[in-house]
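These are the residues of each chain, in order.
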Amino acid sequence: MPRSKKFRRARLIVIVLVVLLVAGAGYGGYRGVAAVRASFPEVDGSVKVAGLSAPVDVKRDANGIPQLYADTSEDLFRAQGYVQAQDRFWEMDVRRHITAGRLSEMFGDSQVETDSFIRTMGWRQVAQKEFDTQLSPETKKYLQAYADGVNAWLGEHPGGASASLEYTLLGVVNGDYKPEQWTPVDSVAWLKAMAWNLSGNLQEEIDRSLLAQDYSPEKIAELYPEYPYARNGTIVKTGTVSGDAYRPADGPAPTGAATQGATTQGAAATKAMLKDVTDRIDAMPQLLGRQGQGIGSNSWVVSGSHTTTNKPLLANDPHLGPGLPSVWYQMGLHCRTVSATCGFDVSGFTFAGMPGVVIGHNKDIAWGFTNLGADVTDLLLEKVTGPDTYLLDGKETKFELRKETIKVAGGEDRTITVRTTKAGPNGVGAPLISDQSTEQQNVGKYAPNGTSAPDRGTSGYGVALQWTALIPGRTMDAVFELDRAKGWEEFRAAAKDFAVPAQNLIYADAKNIGYQAPGLVPVRAKGDGTYPAAGWDSASEWKGFVPFTAMPYSFNPPSGYIVTANQAVVDPSYKYVLTKDWEYGTRAKEISDQIDAKLKNNGRISPDDMQEMQLDNTSILARTLVPLLLKVQIDDPYVREAQDLLKDWNYHQDADSAAAAFYNGVWRQLLSLSFGQKFPADLRAKDNCLLVRQQADPTKPDSSTQIVTECGTREPGKAQPDGGDRWTEVVRQQLEKPDSSWWTYIDSQHKEQKGLDNLLAEAMKNARQDLTSLLSKDVSTWSWGRLHKLTLREQTMGTDDSSIASGVVHKLLNRGPYRLSGGSAAVDAAGWNAAAGYEVDWIPSMRMVVDMSDLDASRWVNVGGASGHAFHPNYNDQTDLWLKGKLLTWAYSPDAVEKATKNKLTLTTG
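The rules behind these values
Residues numbered from 1 in each chain as written. Predicted model: local features only at pLDDT ≥ 70, side-chain atom pairs only at ≥ 80, totals over all residues. Heavy atoms only, no water. Helix = DSSP H or I, 4+ residues; strand = E, 2+ residues; numbered from the N terminus. Buried < 20%, exposed > 50% of the residue type's maximum accessible area, 1.4 Å probe, protein only. Contact = heavy atoms within 4.5 Å. Areas by Shrake-Rupley, 256 points an atom, 1.4 Å probe, with all protein chains shown as cover. Disulfide = S-S within 2.5 Å. Pairing = 2+ DSSP bridges. Salt bridge = Lys/Arg side-chain N within 4 Å of Asp/Glu carboxyl O. Axes fitted to C-alpha atoms, helices over the stretch in contact; angles between N-to-C directions.

Caption draft 1: Seen up close, the overall build of the protein chain. Counting its regular elements, the protein chain contains 27 helices and 37 strands. Here the protein chain, with 910 residues, has 63% of them falling under the buried criterion. Residue pairs in contact within the protein chain that sit at least 24 positions apart in sequence constitute 72% of those at least 6 positions apart. Here the protein chain displays about 33,200 Å² of accessible surface, and carbon together with sulfur accounts for 49% of that area.

Caption draft 2: A look at the state of the cysteines. One pass over the full model with this rule turns up 2 disulfides. One disulfide bridge connects Cys335 with Cys342, the sulfur atoms lying 2.0 Å from each other. Of note, the bridge from Cys335 to Cys342 carries an S-S torsion of about -85° and is left-handed in sense. Residue Cys335 is classed as buried on the basis of its relative accessible area, which comes to 5%. Put simply, Cys689 and Cys711 are joined by a disulfide, and their sulfur atoms are 1.8 Å apart. Between Cys689 and Cys711 the disulfide shows an S-S torsion of about 100°. By sign, it is right-handed. Of this pair, Cys689 sits in strand 26 (residues 689-695) while Cys711 sits in strand 27 (residues 705-711), placing them 22 residues apart in sequence.

Caption draft 3: Spotlight on the pairing of strand 11 (residues 366-371). Buried residues dominate strand 11, accounting for 6 of its 6 residues. Across the two faces of strand 11 the burial is the same, with Ala366, Gly368 and Thr370 and Trp367, Phe369 and Asn371 all buried. In this sheet, strand 11 lies alongside strand 10 (residues 359-362) in antiparallel orientation, the contact comprising 2 bridges. In the strand pairing of strand 11, His361 is matched with Ala366. Bridge count for strand 11 against strand 19 (residues 503-508) is 6 bridges, and the pairing is antiparallel. Bridge pairing in strand 19 links Gly368 to Ile506.

Caption draft 4: Highlighting the pattern of salt bridges. According to the stated counting rule, one finds 45 salt bridges in the structure shown. A salt bridge links Lys407 to Asp413, with the shortest nitrogen-to-oxygen separation between them at 3.8 Å. The class for Lys407 is partly exposed, based on a relative accessible area of 46%. Connected via shared salt-bridge partners are Asp93, Arg96, Arg124 and Asp186.

Caption draft 5: Molecular detail of unusual backbone geometry. Across the junction of Leu324 and Pro325, the peptide omega takes the value -5°, indicating a cis bond. For Pro325, the location among the structural elements is in the loop between strand 7 (313-320) and strand 8 (329-335). A cis amide bond links Gly816 to the next residue, Pro817, at an omega of 5°. Along the chain, Pro817 turns up in strand 31 (residues 815-819). If you check the backbone angles, Asn566 has positive phi at about 70° while not being a glycine. Backbone geometry places Asn601, a non-glycine residue, at a positive phi of 60°. Among the structural elements, Asn601 can be located in the loop between helix 17 (586-599) and helix 18 (607-614).

Caption draft 6: Main features of the sheet that holds strand 24 (residues 553-555). Taken in spatial order, the 11 strands line up as 1-37-2-3-8-9-10-11-19-20-24 in an open sheet, and their pairing is mixed. One side of each edge strand has no neighbouring strand; the edge strands of this open sheet are strand 1 (45-49) and strand 24. The sheet shows a mean angle of 15° between the axes of neighbouring strands, taken without regard to direction. Two elements, strand 19 and strand 20 (residues 513-516), share 4 bridges in a ladder whose sense is antiparallel. Within strand 20, the residue paired with Ile506 across the bridge is Tyr515.

Below you can see the structure in the form of structure tokens.
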């Protein structure tokens, strides 16, 4: 690249600058400290904000959490925009560049491919259509007021050190960059990022297709087992759908499961093409965590008849990717007098860059979210017949074409052509996401099976994406409606507008509890979404969506509580297919069992109980697996010493537990021996290299074979088997088959071995060696937390190789590592990828317990803190509390807020 030498020189300058700042901050250097503090927000006194009709008070507690008080709704959201910009504008600016596919304008040509992929999906265009055609006039006013508040702050801080330290660093390598004015569509577009990260089984479609190159549908089904309805249950007792109206049921728990079908054509889909799509997905910014399945959350609500407070208690802890600043922004939005002109009195968590509150409570109701996991994405294999045509029902059909110009800081503009099919209802097409340039699409290697499939030809199959988030919706309306809802019916009316991402909503008011499944969920004319579909057949397109009136709900169930933890919502008797890829209900069953145990003998649930349950780090599978491990005869005293750690283990994955460290080491080795060894390179981690036998000349079937080294191709954090909830179910079922072919493995001497006991012995031997190299030879010094560590990384500046951020910069902005308890399938879900190592890659991103008997006694904690400024006291002040499982009481009533106020800023009319 022509600018590479200049870029390296600039990077050195950045490093020097950072060192100087660190020295200044560490040793009291005036200039260093001043440079860092220049961007800190004003939190006392008064400032003028143009457009306000009356003063707005901003009261911050010791943790910097703002509570806003205004006379009109528009003043309230104008102030919200101003205050969020004070704390988080850099984050907001980067986020809007992500959703618009404009990261290259900030960070240069390293982001062109990411921008191309997002431009192809058209997030920004969809957000614009939502704003123009779907949202209510009232919502548009609130969004505009919010944007005006952001821009009022931006007018005072046009860029550079006065905006944030990150702008200073960016200016060294991209001195021409200046933030643009905020627009309402910038806020709406963030909903697309939320939907992308919570969008169901897209990766599962790809992985099943890649596995189909080596495995039969029956073997693949063993890796994606049916949901254990009888053991882990469902969120609601499955009711009936009469016409399009769902009727709840109080019948017995389901005992059967539906068979999981597979589309043969999709199962043998083009390997190289699907790998390319996977690479594009992996390259996407992960501001909410890894995309799709595996992202979990816990929420539950208990009726007042079962609580010590005699009012409902509601808990929520969404599991998302870790980072700094926190993905959540906590605040209160209060009208001084709640009326028709100012209807908000709400506290909770939202996202920087979005008005309103997403999760929280007002004076009448509380609500929480977990990911429903509905299958809202389908990949369509497309027979491309020319630069602007594809095959549909035997006829050549024109793509819809549009040009996108990507501006590149320090480089030449890039122009791409986006090709979109006409698939799907409502006239919304499916973009061809496999296109990698303006001229051609990446081709596949293998044609689908089936006599009806068109020939691959020289141009190969493309891959198009059907996705509900590409359909303009009213989710932003739903956020404001939730914030003002006064009861169950208004809550459900708000949920009706919550189109994407599809979520589980739990509910509480002073007397009632409830659950509602909202979201735009497709109805398929053909297939069930488990494999890519044949795009050349219009029968593979969606024919509509599940009516909201038919979506499952529950109100005051006889059990007196509702648990949602990404388990199945309903059993297979439900009229519609929501997904075939539920999470497997391990966390949900553990939470329900704990509630049942508390309620037995007329016990009651306290707020402390709710908090304690959030910290349950029990490994459920260990209860089954550890007895089998202890039965294995181990002759080597070196390995037996580690095996003995499991004898008195209570299955708790505490950070200081040596037994938990060894068990998880064994779990990782078990997965590698039984599955990782056998998987194609497309699913394995890059550093996972195996000796494989292949033909010397693949074009000649009779040619001799040779042993070669084949390394995986995936980024380690995205590789399989990852060890999550699905894998606990896979292993649980295979443990019942001691002679399963999955227990055949290659040992350390490169010899094939068979049988479960042999594999368990090998896994313990390998784990002993692995932990010795990572920790020490002395098992008494082992602890789970020394392996299972969390680093809170500044997310917006990219990786060391892809942006302005050098390793030194990241050391300046990151925090940690921290030693964590918990595990991937535990209620305290500190997730890690067993194919990559032990590092924590998703966490309970915040925790809250709402007490409907006394909202001022409700408890909350955020990872990180309120501020996005790296050296601000509130940048990372809540993390230690979060690590220890502690929650903060958070004032809600005016008197309690006033008592907790540490700083008060008045925004006055300009």
